[in-house]
Amino acid sequence: MYRVVEVVETWEVAKDVKAFRFSEKFDFTPGQFVMTWLPGVGEKPFSLAQRDLIVVKKVGPFTGALFRLKEGDRLWIRGPYGHGFERKGRKIALAGGGIGIPPLYAIATSWRKFFESISLFYGARSKEEITLIDIENYVDELILFTDDGSAGKKGFPTEALAERKGEFGQVYACGPEPMLKAVLKVMNHKNVQISAERYMKCGIGVCGSCNLGKYLVCRDGPVFEGEKLTGLL
Ligand SMILES: Cc1cc2nc3c(=O)[nH]c(=O)nc-3n(C[C@H](O)[C@H](O)[C@H](O)COP(=O)(O)OP(=O)(O)OC[C@H]3O[C@@H](n4cnc5c(N)ncnc54)[C@H](O)[C@@H]3O)c2cc1C
Ligand code: FES
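Thresholds, definitions, all that
Residues numbered from 1 in each chain as written. Chains lettered and ligands numbered in written order. Predicted model: local features only at pLDDT ≥ 70, side-chain atom pairs only at ≥ 80, totals over all residues. Helix = DSSP H or I, 4+ residues; strand = E, 2+ residues; numbered from the N terminus. Rg over C-alpha atoms; globule rule 2.2 N^0.38 Å. Buried ≥ 20, exposed ≤ 12 C-beta atoms within 10 Å, placed from the backbone. Contact = placed C-beta atoms within 7 Å. Pairing = 2+ DSSP bridges. Axes fitted to C-alpha atoms, helices over the stretch in contact; angles between N-to-C directions. Near = placed C-beta within 6 Å. Nonpolar A, V, L, I, M, F, W, Y, C, P; charged D, E, K, R; others polar. Arc of directions from axis to C-beta. Domains from an automatic or database assignment.

Considering the overall build of the protein
Across its full length, the protein carries five helices and 15 strands. A compact globule built from 233 residues would reach a C-alpha radius of gyration of about 17 Å, and the protein, at 17 Å, matches this within 12%. Counting only C-alpha atoms, the protein reaches 50 × 40 × 35 Å along its principal axes. Across the 233 residues that make up the protein, the buried fraction comes to 42%. For the protein, restricting intrachain contacts to residue pairs at least 6 apart in sequence, the fraction spanning at least 24 positions comes to 63%.

Section: the sheet that holds strand S7 (residues 91–97)
The sheet built from seven strands is open, its strands ordered S10-S9-S8-S7-S11-S12-S15 with mixed pairing. Each edge of the open sheet carries a strand with a single partner, namely strand S10 (153–154) and strand S15 (223–225). Where strand S8 (residues 117–124) and strand S9 (residues 141–146) come together, six bridges link them in parallel fashion. When the bridges of S9 are listed, Ser 119 appears paired with Glu 141. With respect to the sheet, helix H2 (residues 101–110) is in contact with S7, S8, strand S11 (170–174) and strand S12 (192–195), its orientation differing from that of S7 by roughly 155°. Those strands touched by helix H4 (residues 177–186) are S7, S8, S11 and S12, and its axis lies near 170° from that of S12.

Observations concerning the sheet that holds strand S4 (residues 42–47)
One open sheet holds the six strands; their spatial order is S4-S3-S6-S1-S2-S5, and the pairing between them is antiparallel. For this open sheet the edge positions go to S4 and strand S5 (53–57), each flanked by a neighbour on one side alone. Geometrically, the sheet is characterised by an average inter-axis angle of 40° between neighbouring strands, direction not taken into account. In this sheet, S4 lies alongside strand S3 (residues 33–38) in antiparallel orientation, the contact comprising six bridges.

Examining the site of ligand 1
In the vicinity of ligand 1 lie 21 residues, with Lys 44, Gly 60, Phe 62, Thr 63 and Tyr 199 positioned nearest. Those elements that provide at least two residues to the shell around ligand 1 are S4, S5 and helix H1 (61–67). Here the residues of the shell around ligand 1 sort into 14 nonpolar, three polar and four charged.

Remarks on helix H3 (residues 157–164)
Regarding H3, the residues found buried are Pro 157, Thr 158, Ala 160 and Leu 161. Considered in projection along H3, the buried side chains sweep an arc of 155° and stay on one side of the axis. Buried residues in H3 make contact with S7, S8, S9 and H4.

So, the domain arrangement of the protein
In terms of domain boundaries, the protein breaks down into domain 1 (3–81) and domain 2 (91–195). Centre-to-centre separation of domain 1 and domain 2, based on C-alpha positions: 23 Å. If you look at the interface, domain 1 gives 14 residues, while domain 2 gives 16 residues. Elements represented by at least two residues in the side of domain 1 that touches domain 2 include exactly strand S1 (3–14), strand S2 (17–22) and S5.

Section: the environment of Ala 160
Structurally, Ala 160 can be placed in helix H3. A tally of 21 C-beta atoms within 10 Å means that Ala 160 is categorised as buried. Sequence-wise, Ala 160 and Leu 144 are 16 residues apart; in three dimensions their C-alpha atoms are separated by 9.5 Å. If sequence neighbours within four positions are ignored, Ala 160 has contacts with Phe 121 and Ile 143.

Here we look at unusual backbone geometry
Backbone torsion omega between Gly 79 and Pro 80 reads 0°, so that peptide bond is classified as cis. In this structure, Pro 80 sits in strand S6 (residues 74–81). Look at the link from Gly 221 to Pro 222: it is a cis peptide, with omega at 5°. Even without glycine at this site, Asn 188 takes up a positive phi of about 55°.

Quick look at the structure:
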């Protein structure tokens, strides 16, 4: 059930954010996640950014231990799990905030050829927290915001999305919950798919720790049609 992979490459993406490339490739749909186990430390979910890539923000004990791994060290991975994004729309928008880029990166890099255009609306707290990986190379435009105005425009990406939402056949969003709520409101819950995050333990619909209303995020999500989240986010 676990696949043992080696870390073959790591690099710093932003302040407290690192990318980890593995020795094995996983078949996945953008939006799906893997459970990553470090014996003696724990196990946590991460979205696949590519078939062999996760991008992680250091926030606590598990991610702290992950950051100490070096090339050649091993990781135990199971999955991919959950429902990913459904490919819809010709002109699409990606709406991301903070460390929400990995599943959007998967869309931009693996589905690029299916779309007429991709516009990315992205917000970070400040310039040093911008966590784009290199997604700017795979989208047609980047509309960048920071909370403090240290890069891009000052404010929130949802303000710009609100002005232009009629242009897009589908909006795909991942980021902090207040941003996801704002995206749902702007889109009136329509033509939008949201990648939600809840605290996970089993990752396979058994333990109940990831519940969101009547849903289990690991089993029914993490990607949900906006309409399903009415009253829940
Ligand atoms: C589907 C999915 C995909 C994800 N993809 C990514 C990704 O691509 N990159 C990435 O960096 N992270 C991702 N995450 C988040 C990642 O799993 C967590 O950041 C990680 O579990 C943190 O582990 P930790 O031990 O380092 O920190 P923890 O000690 O778990 O704490 C981290 C933060 O979470 C809070 N927290 C702890 N327990 C709970 C709880 N029960 N309920 C609510 N909050 C709690 C803490 O207050 C703290 O601020 C994803 C999560 C999910 C569910
Ligand atoms: S993490 Fe156990 S049910 Fe979702």
